[in-house]
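Survey of secondary and tertiary structure
Below, each chain spelled out in residue letters.
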Amino acid sequence: MSENIQPPVAKIIPKTFEKFGDVRIDNYYWLNDRENPEVIDYLNKENEYYQQMTAHTKTLQKELFDEMKSRIKEDDSSVPYFLNGYYYLTRYETGKDYPIYSRKKGSLDAKDEILFDCNELAKGQTYFSLGGMSVSPDNKLALFSTDVVGRRIYTMQVKDLETGKLLADKIENVDGGGVWANDNKTFFYVTQDKKTLRSDKVFRHQIGTADKKDTLVFQEKDDTFGVSIGKEKSKKYIVIESSSTLTTEYQTLLTDDPTGTFKVFQPRLRGLEYAISHYGDNFYILTNKDKATNFKVMKTPENATSKDNWKDLIPVRKDVLVEDIEIFKDYLVVSERQNGLSKIRIMPWSGKDEYYLPFEIETYTASPTTNVDFDTDVLRYSYQSMGTPSSIIDFNMKTKTKEVKKEQAVLGGKFDKNNYTEERIWATATDGTQIPISVIYKKGLKKDGKNPLLLYAYGSYGASMDPYFSSTRLTLLDRGFVYAIAHIRGGEELGREWYENGKLLKKKNTFTDFIDCSKFVIEQKFTSPKHLYAEGGSAGGLLMGAIVNMAPELYNGVIAQVPFVDVMTTMLDDSIPLTTGEYDEWGNPNEKISYDYMRSYSPYDNVKAQAYPNMYVSTGLHDSQVQYFEPAKWVAKLRATKTDKNVLFLDTNMDAGHGGASGRFEALKELAKEFAFLLDLEGITK
């Protein structure tokens, strides 16, 4: 890397914020104006600096991209599922970035009807995403939506599947999905607040009418709640869900009565979470009612849905988290989690001989997938481990036999899962809590402290980061890297309390857990601070921002993707998308106790004059979840404050949003940049 190339310097325009007597000075607040040419110029200069400083890795990036691409089966297709007389398939064609959605009537040997070729729809666009696709009950029309910017603001249209033509109906600013009523001419959709992008209104639309005449059927006025709409698996009810971090409320409408009134299932009560599944004459409810921290399953008649009528079906257990339920005619399938491992429980309605699916190792993930049919004995689920490619399996719950419908192909002829060791190890946190870490590495690796190790974590919103297979990860493993996922508090891997103990006024557990996991893999001689790397994105990028302030000496390099790092300014600005709905996760900084706590860890506010690791920071100009200016300001402040000569890169995708590039191969190019950053620091050139 050339030392003659100077990084851009962001100009300083101090802006003062004061609250509770605390004064914060933000020298880079001006970067939050996307329309300001100076802002765009600064981002472009950072991109140029990154390109110049990494010019020597261009060949390596290309080799990594080609290698990762070569493992992917380009002409791949999904396992078909049967719904309402048709088999539905998704496939990719060689050399093409986007999927093709199609169906076959009655038999897999029938003619292939293409519903949507996303490669055609994406022509001329730098970004493309197809939102929720929904076929009408009579199979003649399809709702679909498209986003060509990356801010998750979709335009909804209707396609006539018999003629292939688009109808005149066109609705802007929807959140993606739509739901048909049984009359085949009425559908419901959700729109977003134009400023905050909060999903807040549900409309009813009739085919052939102008969207200006659409009927508002529900408006969510509480700005801490978002709205979604769906249909029960039984097809009897359309449901509106209003949800915040801690509270849910459902409303139901008979699918046969589209102009009827939605009926509240159980009015919202702060702290009461529930989800509903309809079957027969009853609703089955997954809920935390009665202080069921790890959730339980209850049952109520469909004509008496308030909580006073709910009866326990599966009571709460201290050591088992109930994550989801799937209903079949003869079986209830329950997704559970115990000791950090996912389990699938099969419960016949007859009450006889329930059982769990057997799994042999500890670094796997298993969960039900597309199960759209009630009247079947077959459960479709996915299974993978860190060393086992993802499989789709059809399991006959009656005969207890299974059929692997598809295993993810890893091309190139070099992959053999027996060449890798995967294990689960436990680090002891500062407060004595045991933190699981899933690890994979190539067999024969010596634990001598000299191996590069990439430690990944997320640790927020109760999102569990389960062990999973990645063909792209082989690129690092085959070059001597150890890869590890730290299952830190703030996720839900070890039950609901695992989440509760990593949020609000216990958020710092998330950061100290990660640091303690880092120290543990060093103690166990997997690696050393010279060779340890950390990676996280979004709320996991907040984690990265916190650990580099708290324990920078542990890491040689850090990758922070779309990082949420300016916690104070963002959480105090209720005009930013998602902010008010986040109070239950982070706290409300308008209350002093929360303000002081967040102030003590907010990465941007705690940057100090010290040595920081080498850092690669990525963002998207159109990101709606974590605005681009958070990482931009953070990098500018780090540049002006840090005392080391380690590299610091800000790489802004000027065409994409929170999910990064939209094409499957464009996304590999972004990954190749990250891997090249790591390999370059390790002196690995091929």
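Further up the page is the structure itself.
Our subject in this report is the structure included herewith. (Residues numbered from 1 in each chain as written. Predicted model: local features only at pLDDT ≥ 70, side-chain atom pairs only at ≥ 80, totals over all residues. Heavy atoms only, no water.)

1. Some words on the nonpolar core
Heads up, the condition is: Residue types Ala, Val, Leu, Ile, Met, Phe, Trp, Tyr and Cys, when buried and joined through side-chain atoms within 4.5 Å, form a set referred to as a nonpolar core. When a residue's accessible area, from a 1.4 Å probe over protein chains only, is under 20% of the maximum for its type it is buried; when over 50% it is exposed; and in between it is partly exposed. In this text, helices come from DSSP runs of H or I with a minimum length of four residues, and strands from runs of E with a minimum of two, each type numbered from the N-terminal end. Working rule for contacts: check all heavy atoms of both residues, and any pair within 4.5 Å makes them a contact.
Counting 105 residues, the largest nonpolar core has Ile437, Leu455, Phe514, Ile547, Tyr555 and Trp634 as its most contacted members. Here the element with the most residues in this core is helix 12 (residues 664-681); it accounts for eight residues. With sequence-adjacent residues up to four places away left out, Phe514 is seen in contact with Leu455, Tyr456, Ala457, Ala486, Ile488, Ala534, Leu543, Met544, Ile547 and Tyr555. In terms of nonpolar packing, the next biggest core, distinct from the first, is built from 16 residues, Val333, Tyr364, Leu379 and Tyr381 among them.

2. Let's talk about the pairing of strand 38 (residues 648-653)
Just so we agree on the cut-off: Any two strands between which DSSP finds at least two bridges are classified as paired.
In terms of residue burial, strand 38 counts as a mostly covered element, since five of its six residues are buried. Taken together, the six bridges between strand 37 (residues 614-620) and strand 38 define a ladder with parallel strand orientation. Residue pairing for strand 38: Val617 is matched across the bridge by Leu650.

3. Examining the packing of aromatic side chains
For clarity, the cut-off: Only centres within 6.5 Å qualify two rings of Phe, Tyr or Trp (six-membered ring in Trp) as a pair; their planes then separate them into stacked at under 30 degrees, edge-to-face at over 60, and tilted for everything else.
Scanning all chains against the criterion turns up 41 aromatic pairs. Ring centres 6.1 Å apart and planes at 40° place the aromatic pair Phe481 and Tyr533 in the tilted group. One end of the pair, Phe481, is in the loop between helix 4 (474-477) and strand 34 (482-486); the other, Tyr533, is in strand 35 (residues 532-537), and 52 residues separate them in sequence. Like Phe481, the residue Tyr533 is buried in the burial classification. A network of ring pairs unites the aromatic residues Tyr237, Tyr250, Phe265, Tyr274, Phe283 and Trp310 as a single cluster.

4. Re the side chain of Lys633
Put simply, the rule reads: Side-chain atoms alone can form a polar contact between residues adjacent in sequence; in general such a contact is a pair of N or O atoms within 3.5 Å, and within protein one must be able to donate a hydrogen while the other accepts it.
By the element assignment, Lys633 lies in helix 11 (residues 629-641). Residue class for Lys633 comes out buried when judged on its relative accessible area of 1%. Side chain to side chain, Lys633 and Asp26 meet in a polar contact 2.7 Å long. Not counting residues up to four positions away in its chain, the partners in contact with Lys633 are Asp26, Tyr28, Tyr29, Leu31, Asp566, Thr569 and Tyr604.

5. Regarding the pattern of salt bridges
For clarity, the cut-off: For this document, the term salt bridge refers to a Lys or Arg side-chain nitrogen within 4 Å of an Asp or Glu carboxyl oxygen.
Counted by the stated rule, this structure contains 48 salt bridges. The closest approach of N and O atoms between Lys296 and Asp312, which form a salt bridge, is 3.0 Å. Residue Lys296 is found in strand 21 (residues 296-301), and its partner Asp312 is found in strand 22 (residues 311-314); the two are separated by 16 residues along the sequence.

6. Considerations on a nonpolar patch on the surface
Going by this rule: Candidates for patches are residues over 30% relative accessible area with no salt bridge; among them, like charges are joined within 9 Å and nonpolar side chains (Val, Leu, Ile, Met, Phe, Trp, Tyr) within 5 Å. Computed by Shrake-Rupley with a 1.4 Å probe, the accessible areas treat only the displayed protein chains as cover when residues are assessed.
A cluster of nonpolar side chains, contributed by Leu504, Leu505 and Ile593, occupies part of the molecular surface with about 260 Å² of accessible area. Relative to the helices and strands, Leu505 resides in the loop between helix 5 (496-500) and helix 6 (508-523). Judged by its relative accessible area of 41%, Leu505 falls in the partly exposed class.

7. Let's talk about the sheet that holds strand 28 (residues 378-385)
Definition in use: Note on geometry: axes are C-alpha line fits, over the in-contact stretch for helices, and angles between N-to-C directions span 0 to 180 degrees.
Read across the open sheet, the four strands follow the order 27-28-29-30; overall the sheet is antiparallel. Each edge of the open sheet carries a strand with a single partner, namely strand 27 (364-368) and strand 30 (401-407). Going across the sheet, the axis of each strand differs from the next one's by a mean of 25°, ignoring polarity. Two elements, strand 27 and strand 28, share five bridges in a ladder whose sense is antiparallel. If you follow Thr365 over to strand 28, its bridge partner there is Gln384.

8. Comments concerning the side chain of Glu582
The criterion, for reference: Neither His nor the chain termini are counted; the positive set is Lys and Arg, and the negative set is Asp and Glu.
Inspection of the secondary structure assignment puts Glu582 in the loop between helix 8 (567-571) and helix 9 (583-586). This buried residue, Glu582, is left without a salt bridge; Lys507 holds the nearest opposite charge, at 9.7 Å. Discounting chain neighbours no more than four positions away, the residues touching Glu582 are Tyr461, Met571 and Gly587.

9. As for helix 1 (residues 37-53)
Defined as follows: In a helix, the anticipated span is given by 1.5 Å times the number of residues less one. This arc is taken over the directions from the axis of the helix to the C-beta atoms.
Relative to the 24 Å expected for 17 residues at 1.5 Å per residue, helix 1 spans 24 Å between its end C-alpha atoms, a close match to the ideal helical length. Considered for burial, the residues of helix 1 that qualify are Val39, Tyr42, Leu43, Glu46, Asn47, Tyr49, Tyr50 and Met53. Seen end-on, helix 1 carries its buried residues on one side only, within an arc spanning 155°. Tucked into the core, helix 1 has its buried residues touching helix 2 (58-70), strand 37, helix 11, strand 38 and helix 12. For helix 1, the capping residue at the N-terminal end is Asn36, with a side-chain oxygen 2.8 Å from the backbone nitrogen of Glu38.

10. Remarks on the environment of Pro348
Topologically, Pro348 is positioned in strand 25 (residues 341-348). A relative accessible area of 16% places Pro348 in the buried class. In contact with Pro348, other than residues within four places in its own chain, are Asp330, Tyr331, Asp353 and Glu354.

11. Section: helix 12
Over its 18 residues, helix 12 extends 27 Å from the first C-alpha to the last, a length consistent with the 26 Å expected when each residue adds 1.5 Å. Within helix 12, burial applies to Arg664, Phe665, Leu668, Ala672, Lys673, Glu674, Phe675, Ala676, Phe677, Leu678 and Leu679.

12. Description of unusual backbone geometry
One non-glycine residue, Lys291, lies in the positive phi region at around 60°. Classification of Lys291 as exposed rests on a relative accessible area of 80%. Non-glycine residue Lys525 carries a positive phi angle of around 65°. Assessed through its relative accessible area of 47%, Lys525 is described here as partly exposed.

13. Thoughts on the sheet that holds strand 36 (residues 557-561)
Strands sit in the order 31-32-34-33-35-36-37-38 across an open sheet of eight strands; the sheet is mixed. Both edges of this open sheet fall to strand 31 (420-428) and strand 38, since each of them pairs with a single strand only. Averaged over all pairs of adjacent strands, the angle between strand axes in this sheet comes to 20°, irrespective of strand direction. Helix 1 rests against strand 37 and strand 38 of the sheet, and its axis sits at about 120° to strand 38. Packing against the sheet, helix 6 makes contact with strand 31, strand 32 (434-442), strand 33 (453-456), strand 34 and strand 35, and its axis sits at approximately 120° to strand 31.

14. Concerning the packing of helix 1 against helix 11
Inclusion rule: Working rule for handedness: look at the near helix, and if it is turned counterclockwise from the far one by less than a right angle, call the crossing left-handed; if clockwise, right-handed. When residues are sorted by character, Ala, Val, Leu, Ile, Met, Phe, Trp, Tyr, Cys and Pro go into the nonpolar class, Asp, Glu, Lys and Arg into the charged class, and all the rest, Gly among them, into the polar class.
At a minimum axis separation of 12 Å, helix 1 and helix 11 run at an interaxial angle of 65°. At the point where helix 1 passes helix 11, the crossing takes the left-handed sense. Note on element contacts: helix 11 touches helix 1 through Ala632, Val635, Ala636 and Arg639, opposite Tyr42, Leu43, Glu46 and Tyr49. Within the contact of helix 1 with helix 11, the residues separate by chemical class into six nonpolar, no polar and two charged.

15. Considering the environment of Thr287
As for its placement among the helices and strands, Thr287 is situated in strand 20 (residues 282-287). C-alpha separation for the pair Thr287 and Ser594, spaced 307 residues apart in sequence, amounts to 28 Å. In contact with Thr287, not counting residues within four places along its chain, are Leu272, Glu273, Tyr274, Ala292, Phe295, Lys296, Met298 and Trp310. Within the structure, Thr287 has its side chain in polar contact with the backbone oxygen of Glu273 (distance 2.8 Å).

Nothing here speaks to function; it is geometry throughout.
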